[in-house]
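Secondary and tertiary structure notes
Here are the chains, one letter per residue:
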Amino acid sequence: MQRFPTQEVIGGERKTLTLEFAAFDSLRECFEKHAWLITCGTPYARAWANFAASKDLVSLINEVASVYATDPGYAGKLREIISMHDVQAALKSARSKEV
């Protein structure tokens, strides 16, 4: 574990807190653990089950963001990112390779 300052929204106010974050040996390990958290982690189980049934990425983002981040604008920021053309192309490519 490692400690870093982070911006959190608590009671409607943005605050800087120093919190613990996991340390990983590689970027790959980091993303694998993050993917596991979203797909298998208890806090996100309902959101992932809904996504597995609907394939509605926006709903997944909205449900996960309400648990994952303290920033009330987090879901909107993610929705903005996924609306970008290159992200849409990457998502389309990934979906075409799904088993």
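For the structure, check the block above.
Residues numbered from 1 in each chain as written. Predicted model: local features only at pLDDT ≥ 70, side-chain atom pairs only at ≥ 80, totals over all residues. Heavy atoms only, no water.

**Section: the overall build of the protein chain**
Across its full length, the protein chain holds five helices and two strands. For the protein chain, the N- to C-terminal ordering of α and β elements is β-β-α-α-α-α-α. Expressed along its principal axes, the backbone C-alpha trace of the protein chain runs to roughly 40 × 35 × 30 Å. Within the protein chain, buried positions represent 17% of all 99 residues. Taking the contacts inside the protein chain whose residues are at least 6 apart along the sequence as the reference set, 19% of them involve residues at least 24 apart. Looking at the protein chain as shown, the accessible area adds up to about 7,500 Å², and 58% of this sits on carbon and sulfur atoms. Charge separation in the protein chain, taken as the distance between the mean sites of 12 positive and 12 negative side-chain charges, equals 3 Å. (Helix = DSSP H or I, 4+ residues; strand = E, 2+ residues; numbered from the N terminus. Buried < 20%, exposed > 50% of the residue type's maximum accessible area, 1.4 Å probe, protein only. Contact = heavy atoms within 4.5 Å. Areas by Shrake-Rupley, 256 points an atom, 1.4 Å probe, with all protein chains shown as cover. Lys, Arg positive; Asp, Glu negative; His and termini not counted. Charge placed at Lys NZ, Arg CZ, Asp CG, Glu CD.)

**Let's talk about the pattern of salt bridges**
For side chains bearing opposite charge, pairing can occur when the charged atoms are close. This model, assessed by the stated rule, comprises three salt bridges. Its salt-bridge partner being Glu-32, residue Arg-28 comes within 2.8 Å of it at the nearest N-O pair. Residue Arg-28 and its partner Glu-32 are located together in helix α1 (residues 27–40), separated by four residues, close to a single helical turn. On the accessibility criterion, Glu-32 (44% relative accessible area) is partly exposed. Note that Lys-77 is salt-bridged to Asp-71, the shortest N-O span being 2.4 Å. (Salt bridge = Lys/Arg side-chain N within 4 Å of Asp/Glu carboxyl O.)

**Comments concerning the pairing of strand β2 (residues 13–21)**
One face of the sheet, then the other: side chains in a regular strand alternate in exactly this way. Of the strand pairs in this sheet, strand β1 (residues 2–10) and β2 are connected by nine bridges, and their pairing is antiparallel. Residue Glu-8 lies in a different strand from β2, and its bridge partner there is Lys-15. Count of turn residues in the β1/β2 antiparallel hairpin: two residues, of which Gly-11 carries a positive phi of about 60°. (Pairing = 2+ DSSP bridges.)

**A closer look at the nonpolar core**
Among the nonpolar cores identified, the biggest contains eleven residues, and these are Ile-38, Tyr-44, Ala-47, Phe-51, Leu-57, Leu-60, Ile-61, Val-64, Ala-65, Ala-75 and Ile-82. The set of elements that each furnish at least two residues to this core consists of α2 (45–54), α3 (57–68) and α4 (74–82). Counting residues per element, this core draws most heavily on α3, at five residues. With near-sequence residues (within four places) excluded, Ile-82 lies in contact with Leu-57, Val-58, Ile-61, Val-87 and Gln-88. (Core = buried A, V, L, I, M, F, W, Y, C linked by side-chain atoms within 4.5 Å.)

**Notes on unusual backbone geometry**
The phi angle at Lys-55 is positive, at roughly 60°, despite the residue not being glycine. Mapped onto the fold, Lys-55 is located in the loop between α2 and α3. You can call Lys-55 partly exposed: its relative accessible area is 47%.

Purely spatial values, then, with no claim about function.
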